[in-house]
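Each chain, letter by letter, is given below.
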Amino acid sequence: PRHSFSIFRGAPACVSPPYHSLVTMGALMSAPLSVCGSCAASMAGYLACSGCSSLARGIASSSARFAYCAYFTLSMLIAWLLRDFGDSLLKKIPWIESVLPATASADVEHAYFGTQAVYRVSLGTTAFFMLLSIGTVNIKYRSDTRDRLVHHGSWAVKTFVYLLLIVLAFCLPHGFSAPYAWLARLGSVFFLLVQVVILIDFAHAWNDSWVARSEESQTWIGALLTCTAISYGSAIAFNAVGWAWFHPSVECRLNALFLVTGILAALAVGVSAMHPSVSGSIFPASLMAVYANFMIWSALVSEPHSYECNGMGEQLDAASGSALATGVAATLGSVVWAALRAGSRSDDNAVGSDYGAGERQRLLASVVDDDTTHTSAGLDGAPDAPDAETAMERSSGDAEGTNGAAGSAADDFDPPSYNYSWFHLVFACASLYVGMLFTGWGEEGAEGEGGFVDVGWVSVWVKVVTAWVGSLLYVWTLVAPMVLTEREF
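Source: prediction; values computed, not measured.

Caption draft 1: Quick look at the overall build of the protein chain. When helices and strands are tallied, the protein chain shows 18 helices and zero strands. A separation threshold of at least 6 residues defines the contact pool for the protein chain, and within that pool the share at least 24 residues apart is 77%.

Okay, structure coming up:
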């Protein structure tokens, strides 16, 4: 039979009325379902986003130090990627590209753009942490608004400021590079000194902790002796590998001098710790021995790969990708460890002293006194009966963990667990240090060492001197109580 078609394409005219009805009913039934489905999907997305946001805020609030480590890690990754792969991007910035001579070779061009990228990322990150350090100066109590807003909160604002400072650093002219390089060198030296002091403090604290536990069980003494043997064995291993790989001939006198100083440093700290006139211990001395010899070995690894006494140069060039990743990971780990260790020092807080504790008790007493209602006569200061009952209820509520006035006052005047301003200052100096590591301390030609981190003669001498200074500082911690008898240690 012949069919004609309605406005519904493909629908025969003879069945159009029933078809219209079915389509209309389907549309009426599907519309509410579609709306409900959309609402359910939107609600699920909203709840998921809200839950993730709340979880992120909770983690960031309780683990602020790790959040700042994430900022620092991101800066290191950005600096590394721009240094090695960002040439094409930096060529589009006229005030950076115009300084480079047109006759510059490809290696010189790559080194120039890499240095500029690292300096600018380092500057932006340093400015970010310096602002936080200034903003958290003299926070004595958790009730300080800056504790909540500046250090533990406002993460969206801080992320925006962090990115903005890095972007603004790329707007600076080329002339800032030389002054910033010297500033970064000074900040890096300060950071290295902080690392050494933290290591010495860590060694003494570890030894004191296990010695105290040995009063309950002699197993801890055995553990200390085992760790001491492992530390000295590691120091000997680092020194032996140095002689095998970095002293291939008698002409390598400089490397021989470095390795001999590592042996002398281990002997000096060991003899000083065991001297009967000082209150030292062999275990911290063993840690300083392995630190000194590790720094000497690391200094030899940092020698230019073209240097004939660097026996690892060819092997490192052959495995440049893995060696570079290992170098970046080791640098990041050491920097983050030093910064976190510095930030966890609670004795740097102003309220950590006796005066801070007394001031806290005085403030608590004033809050409780102000909150107590006296009688209308008020001559003897005794509270009325209802107020006394209220005070008892408040006291019992505090004992059970409720939000009484005294309990909230105690929370308000709790000191921070670490010094926020000092924590951010350490990270600012660490950012300066990274700027030096990734550019060979600004040494001419050090950036062209196959893209490696911390390679060049300046890096060599910085590490060697750090090993010497660390050993001298440890010996001084043993001798200082005998020399400065009027001071308490």
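The rest of the description comes next.
Caption draft 2: Focus on empty space enclosed by the protein. Inspection of the entire model under this criterion finds two cavities of 30 Å³ or more. In this structure, the largest cavity occupies an estimated 70 Å³ of space. Looking at the largest cavity, the residues that line it are Phe72, Ser75, Met76, Ala79, Val118, Val121, Ser122, Thr125, Ser431, Val434 and Gly435. Per-class residue counts for the lining of the largest cavity are six nonpolar, five polar and no charged. Lining the second largest cavity, in full, are Leu192, Met295, Tyr433, Leu437, Trp441, Asp454, Ser459, Val462 and Lys463. Residue assignment for the lining of the second largest cavity shows that the elements contributing at least two residues are helix 17 (420-437) and helix 18 (457-483). Ranked by the residues each element gives to the lining of the second largest cavity, the list is headed by helix 18, at three residues. Partitioned by chemical class, the residues of the lining of the second largest cavity number six nonpolar, one polar and two charged.

Caption draft 3: Inspection of a nonpolar patch on the surface at higher detail. Taken together, Trp243, Val260, Ile263, Leu264 and Leu267 make up a surface patch of nonpolar side chains, about 420 Å² in accessible area. Sorting elements by how many residues they give to the nonpolar patch places helix 10 (residues 253-274) first, with four residues. Relative to the elements of secondary structure, isoleucine 263 occurs in helix 10.

Caption draft 4: Geometry of the packing of helix 9 (residues 219-246) against helix 11 (residues 282-301). The N-to-C vectors of helix 9 and helix 11 enclose an angle of 20°; their axes lie 8 Å apart at closest approach. Taken as axis vectors, helix 9 and helix 11 run roughly parallel relative to one another. Helix 11 is crossed by helix 9, and the crossing has left-handed handedness. Contact residues: helix 9 offers Leu224, Cys227, Thr228, Ser231, Tyr232, Ser234, Ala235, Phe238, Asn239, Val241, Gly242 and Phe246, while helix 11 offers Ile282, Phe283, Ala285, Ser286, Leu287, Ala289, Val290, Asn293, Phe294, Trp297, Leu300 and Val301. Its residues assigned to classes, the contact of helix 9 with helix 11 shows 17 nonpolar, seven polar and no charged.

Caption draft 5: Examining the nonpolar core more closely. In this structure, Tyr68, Tyr71, Phe72, Phe128, Phe129, Phe170 and Phe438 are the most contacted members of the largest nonpolar core, which totals 51 residues. Among the elements of the structure, helix 2 (64-85), helix 5 (106-135), helix 7 (155-169), helix 8 (177-213) and helix 17 are those that each provide at least two residues to this core. Per element, the largest residue contribution to this core is 12 residues, and it comes from helix 17. Discounting residues that sit within four places of it in the chain, tyrosine 71 has contacts with Phe128, Phe129, Trp155, Lys158, Thr159 and Tyr162. By size, the runner-up hydrophobic cluster in this structure holds 29 residues, among which are Ala235, Met288, Ala289 and Ala467.

Caption draft 6: Region of interest: helix 7. With 15 residues, helix 7 extends 21 Å from end C-alpha to end C-alpha; this agrees with the ideal 21 Å at 1.5 Å per step. Within the span of helix 7, buried status applies to Trp155, Lys158, Tyr162, Leu165, Ile166 and Ala169. Down the axis of helix 7, the buried side of the element spans an arc of 95°, and every buried residue falls inside it. Facing away from the buried side of helix 7, by more than 90 degrees, are the exposed residues Ala156, Val157, Phe160 and Val167.

Caption draft 7: Seen up close, the pattern of salt bridges. The final tally for this structure, using the stated rule, is two salt bridges. Across the salt bridge formed by arginine 83 and aspartate 84, the nearest N and O atoms sit 2.9 Å from each other. Comparing arginine 83 with aspartate 84, the two get one shared label, buried. Here aspartate 144 makes a salt bridge to arginine 146, at a shortest N to O gap of 3.1 Å. Overall, aspartate 144 belongs to the partly exposed group, its relative accessible area being 21%. Taking the relative accessible area as the measure of exposure, arginine 146 reaches 26% and is therefore partly exposed.

About the cut-offs
Residues numbered from 1 in each chain as written. Predicted model: local features only at pLDDT ≥ 70, side-chain atom pairs only at ≥ 80, totals over all residues. Heavy atoms only, no water. Helix = DSSP H or I, 4+ residues; strand = E, 2+ residues; numbered from the N terminus. Contact = heavy atoms within 4.5 Å. 1 Å grid on protein atoms, 1.4 Å probe; cavity = no way out; pocket = protein on both sides within 12 Å on 5 of 7 lines; lining within 4 Å. Points joined across faces, edges and corners; volume = space filled by probe spheres on them. Nonpolar A, V, L, I, M, F, W, Y, C, P; charged D, E, K, R; others polar. Patch = residues over 30% accessible without salt bridge, like charges linked within 9 Å, V, L, I, M, F, W, Y side chains within 5 Å. Areas by Shrake-Rupley, 256 points an atom, 1.4 Å probe, with all protein chains shown as cover. Salt bridge = Lys/Arg side-chain N within 4 Å of Asp/Glu carboxyl O. Axes fitted to C-alpha atoms, helices over the stretch in contact; angles between N-to-C directions. Parallel < 35°, antiparallel > 145°, perpendicular 65-115°, else oblique. Left-handed = near helix turned anticlockwise from the far one by under 90°. Core = buried A, V, L, I, M, F, W, Y, C linked by side-chain atoms within 4.5 Å. Buried < 20%, exposed > 50% of the residue type's maximum accessible area, 1.4 Å probe, protein only. Expected span 1.5 Å × (residues − 1). Arc of directions from axis to C-beta.

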